[in-house]
Amino acid sequence: AKADVMIGHSMGGFVATVAGANYPDRFGKLLLIDGGLPSIDKMPENVSAEELAMAVVGASMKRLDMVFESRAAYREFWKQHPCFATDWSNYVEAYVDYDLVGEVPTLKSGVNKNAILKDVETQLMSDLLPEALEAVALPVRFVKAPRGMVNEDPLYADDAIDHWAARIKDVSLGVIDDVNHFTIVISKKGAAAVGADIQDLLS
């Protein structure tokens, strides 16, 4: 079966880009949500995957080494996190609960740190993604969050977006206002805007 729209957020955007390039007969269009393009247009020399990961997603990497004594403690950590301090909801709480693994009192995020490092190495330190961007023939829609992983500067600078978007045959660019890298998909405002983009792609 062919999917009308392949959607990927963050690292899922990289999967969507490569999948769209390798299996164009399986998808109609791609929607990349604050992911799927390299976030920098020139790789620094002589850096490890871990150093590069810390430079790009350092706050998230540090969280993976933290231990929490209870589910409530993990929720409290996220409630005070800059990304969700003003956007907490039942949806966010469900996401946080899903992310937690282990047993009390040594609960941790279920994200595999080694997998992230391998992803960074593959996505940012190899030719796989640039080659996929040049090869993908499907229409690609990229939408950016104006704030990043800790509500700071965006993950994608405009010049990096322009640099990589120029390598895609059929691309349109957009910005979803007043969201960050997380709330672009996990807040009512972000989800509604993404939903509108999906409807446009389906029409």
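Report on the accompanying structure. (Residues numbered from 1 in each chain as written. Predicted model: local features only at pLDDT ≥ 70, side-chain atom pairs only at ≥ 80, totals over all residues. Heavy atoms only, no water.)

**Concerning the environment of K169**
Note the cut-off: Numbering of helices and strands runs from the N terminus; a helix is a DSSP stretch of H or I covering at least four residues, while a strand is a stretch of E covering at least two. Only heavy atoms enter the contact rule, under which two residues are in contact if any of them lie within 4.5 Å. Any N or O atom pair separated by 3.5 Å or less is treated as a polar contact, with the protein-specific requirement of one donor-capable and one acceptor-capable atom, and with residues adjacent in sequence counted only for side-chain atom pairs.
The topology assignment puts K169 in the loop between helix 7 (158–165) and strand 6 (171–175). In contact with K169, not counting residues within four places along its chain, are E134, A135, V136 and A137. In this structure the side chain of K169 is engaged in a polar contact, spanning 2.3 Å, whose partner is the backbone oxygen of E134.

**A look at the layout of surface pockets**
Operational definition: Buriedness for pockets is judged along seven lines, at least five of which must meet protein on both sides within 12 Å for an open set on the 1 Å grid over protein atoms alone, while cavities are sets there where a 1.4 Å probe fits but cannot get out, and lining residues have an atom within 4 Å of a point. Grid points are joined across faces, edges and corners, and a volume is the space filled by probe spheres set on the points. Amino acid classes used here: Ala, Val, Leu, Ile, Met, Phe, Trp, Tyr, Cys and Pro are nonpolar; Asp, Glu, Lys and Arg are charged; the rest, including Gly, are polar.
Of the volumes computed, that of the largest pocket is approximately 450 Å³. Together, 25 residues line the largest pocket, and S10, M11, V57, M149 and H181 are the ones closest to its centre. Among the elements of the structure, helix 1 (11–22), helix 2 (49–63) and helix 5 (113–124) are those that each provide at least two residues to the lining of the largest pocket. Across the lining of the largest pocket, the residue classes break down as 15 nonpolar, eight polar and two charged.

**Observations concerning helix 7**
Applicable threshold: A simple rule labels every residue: compare its accessible area, found with a 1.4 Å probe on the protein chains alone, to the largest value its type can have, and call it buried under 20%, exposed over 50%, or partly exposed in between. Here, the arc refers to the directions that run from the helix axis to the C-beta atoms.
When we look at burial in helix 7, the residues that qualify are A160, I161, W164 and A165. Looking straight down helix 7, one finds that the buried residues subtend no more than 120 degrees of arc, so they occupy a single side. Of the surrounding elements, those touching the buried residues of helix 7 are helix 6 (128–135), strand 5 (140–144) and strand 6.

**With respect to the pattern of salt bridges**
For clarity, the threshold we go by: A carboxyl oxygen of Asp or Glu within 4 Å of a side-chain nitrogen of Lys or Arg is what we treat as a salt bridge.
All chains considered together, the criterion is met by 11 salt bridges. Among the salt bridges present, the one from R167 reaches E134, with a minimum N-O distance of 2.8 Å. Of this pair, R167 sits in the loop between helix 7 and strand 6 while E134 sits in helix 6, placing them 33 residues apart in sequence. Assessed through its relative accessible area of 41%, E134 is described here as partly exposed. Measuring nitrogen to oxygen at the nearest pair gives 2.5 Å for the salt bridge that ties D178 to K189. Separated by 11 residues along the polypeptide, D178 in the loop between strand 6 and helix 8 (183–186) and K189 in helix 9 (residues 188–202) bring together distant segments of the chain. We classify D178 as partly exposed; its relative accessible area is 42%.

**Details of the packing of aromatic side chains**
Spelled out, the test is: We call Phe, Tyr and Trp rings a pair once their centres come within 6.5 Å, taking the six-membered ring for Trp, and we label the pair stacked below 30 degrees between planes, edge-to-face above 60, and tilted otherwise.
Per the stated rule, a full pass over the model turns up 11 aromatic pairs. Here the aromatic rings of F77 and W78 are separated by 5.6 Å at their centres, their planes lie at 80 degrees, and the arrangement is edge-to-face. A relative accessible area of 1% means that W78 is categorised as buried. Aromatic rings pair up to connect F68, Y74, F77, W78, F84, W88, Y95 and F182 into one cluster.

**Regarding the packing of helix 3 (residues 71–79) against helix 4 (residues 90–99)**
The criterion, for reference: Helix axes are fitted to C-alpha atoms over the stretch in contact, other axes to C-alpha atoms as well, and angles between N-to-C directions run from 0 to 180 degrees. Note on angle classes: values under 35 degrees are labelled roughly parallel, values over 145 roughly antiparallel, values of 65 to 115 roughly perpendicular, and the remainder oblique. Handedness of each helix crossing follows the sense of rotation of the near helix against the far helix: counterclockwise by less than a right angle gives left-handed, clockwise gives right-handed.
Where helix 3 meets helix 4, the axes come as close as 10 Å, and the angle between the chain directions of the two elements is 125 degrees. By the angle class used here, helix 3 and helix 4 are oblique. The element helix 3 and its partner helix 4 pack so that their crossing is right-handed. For the pair helix 3 and helix 4, the contacting residues are R71, Y74, R75, W78 and K79 in the first and E93, V96, D97 and D99 in the second. Across the contact of helix 3 with helix 4, the residue classes tally to three nonpolar, no polar and six charged.

**Thoughts on the side chain of D99**
The residue D99 is located in helix 4 in this model. Note on D99: relative accessible area 9%, which makes it buried. The contact partners of D99, leaving out residues within four places of it in the chain, are R63, Y74, K108, S109, G110 and V111.

**A short note on the packing of helix 1 against helix 6**
Viewed as axis vectors pointing N to C, helix 1 and helix 6 meet at an angle of 55 degrees, and their least axial separation amounts to 8 Å. When the axis of helix 1 is compared with that of helix 6, the two are oblique. The crossing of helix 1 and helix 6 is left-handed. Where helix 1 abuts helix 6, its residues F14, T17, V18 and A21 lie against L128, L129, A132, L133 and A135. Along the lines of polarity and charge, the residues of the contact of helix 1 with helix 6 split into eight nonpolar, one polar and no charged.

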